[in-house]
Amino acid sequence: MSRRTGEGTSRGHAGAKSDASEASQPNDAEPASKLPGGLYLVATPIGNLGDITLRALDVLRRADLVACEDTRLTAKLLARYGIRARLTPYHDHNAERARAPLLARLARGQAVALVSDAGTPLISDPGFKLLRACLDAGFAVTAAPGPSAAIVALVLSGLATDRFFFAGFLPARAGARRKEIAGLAQVPATLLFFESAKRLPETLADLAELLGNREAAVARELTKLFEEVRRAPLSELAGQYREEGPPKGEVVVVVGPPQKTEAVGGADLDALIERALEGSSVRDAATRVAGVTGLPRRKVYARALALARKV
Ligand code: SAM
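Residues numbered from 1 in each chain as written. Predicted model: local features only at pLDDT ≥ 70, side-chain atom pairs only at ≥ 80, totals over all residues. Heavy atoms only, no water.

Our next topic: the site of the ligand. Contacts to the ligand come from 19 residues, most closely from Ile123, Asp125, Ser148, Ala149 and Val251. The separation between a nitrogen atom of the ligand and a polar main-chain atom of Ile46 is 2.9 Å. A distance of 2.7 Å separates an oxygen atom of the ligand from a polar atom in the backbone of Ala149. Protein contact buries 90% of the 570 Å² of open area that the ligand shows by itself. Mapped by element, the contributors of at least two residues to the shell around the ligand are β7 (190–196) and β10 (250–255). Among the residues making up the shell around the ligand, the classes are represented as 10 nonpolar, four polar and five charged. (Near = heavy atom within 4 Å. Polar contact = N/O pair within 3.5 Å; in protein donor to acceptor, adjacent residues only side chain to side chain. Areas by Shrake-Rupley, 256 points an atom, 1.4 Å probe, with all protein chains shown as cover. Helix = DSSP H or I, 4+ residues; strand = E, 2+ residues; numbered from the N terminus. Nonpolar A, V, L, I, M, F, W, Y, C, P; charged D, E, K, R; others polar.)

This is the structure we're talking about:
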């Protein structure tokens, strides 16, 4: 178990055992030995209940307390594996109140496991402030890693995996969303977005407009019965969902990196800018062309301004 000091294990807070034979111990065997005290960030399935590790089950079985977003949902998961654990809610609406009692338990040397409804805690899910408080207090922290929808979507997308940027959820309001997307146009990496299915059509339209027609993927219902990954350029995906309407289920949007177009310059660049200027402000046109070409926005803006003044 790592500590903030980087000392590895100390003060009897040994790391959680990774011995698979122990992890797979049946529930009706000898009572499980006590888990070393500390906070355990435990990943749970994002759909298929089989996607939980032996170590996650072991931690959940032996923890003094399991803090979870929705106790009913986590109880169902645990019941599937014959685990009876003490559960307590820890979610966005009670975290401020619920944190102190959890920290008090940790201070007494107890083992507290944190899970979210699905996937990895802290990834667009509660837990960050609890982890920070544990680090500040010098409590032991570790993770029982497992699925996260972002990584599953990335590896299935068929897009570059060597560099990626996880952007979480985009703002729901159109103006803020567009501003955020424009701000990501220059990131030289594959982009990952969590999105609600309801907003998918409009988000894809904004992505296509502001990032250019990059290769992309919509990964839906991952690891579930109706898992689907659509791979196509952004404008094509935007068109499909505009016609079909929002899909059912949960989605991750993956967008390929900007194309390297150092070759774009001179007349080519001017042509792109002139087309973008039709019906758009200089600012919007520059953002769009910078997104498509991967050229610095400031440089494109200066050229767009010059061309707009010529007209
Ligand atoms: N912490 C979680 C994780 O690591 O996967 C993510 C939690 S976040 C509140 C929920 C979002 O994750 C959904 O809106 C969707 O974008 C994505 N997501 C979760 N499960 C998914 C699945 N099975 N298929 C596709 N996307 C999923």
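With respect to the helices, strands and loops of the structure, Asp206 is situated in helix α8 (residues 200–211). Beyond its immediate sequence surroundings of up to four residues, Asp206 is in contact with Arg177, Arg178, Ile181 and Leu211. (Contact = heavy atoms within 4.5 Å.)

A few words now on unusual backbone geometry. Non-glycine residue Leu122 carries a positive phi angle of around 80°. Secondary-structure assignment places Leu122 in the loop between β4 (111–115) and α5 (128–137). Exposure remark for Leu122: the relative accessible area of 22% places this residue in the partly exposed category. (Buried < 20%, exposed > 50% of the residue type's maximum accessible area, 1.4 Å probe, protein only.)

Another point: the packing of helix α4 (residues 95–107) against α5. Between α4 and α5, the least distance of the axes is 10 Å, while the angle of their chain directions is 35°. Two packed elements cross with a definite hand, and for α4 against α5 that hand is right-handed. Facing α4, whose interface residues are Glu96, Arg99, Leu102, Leu103 and Leu106, α5 presents Lys129, Leu130, Ala133 and Cys134. Taken together, the residues of the contact of α4 with α5 sort by class into six nonpolar, no polar and three charged. (Axes fitted to C-alpha atoms, helices over the stretch in contact; angles between N-to-C directions. Left-handed = near helix turned anticlockwise from the far one by under 90°.)

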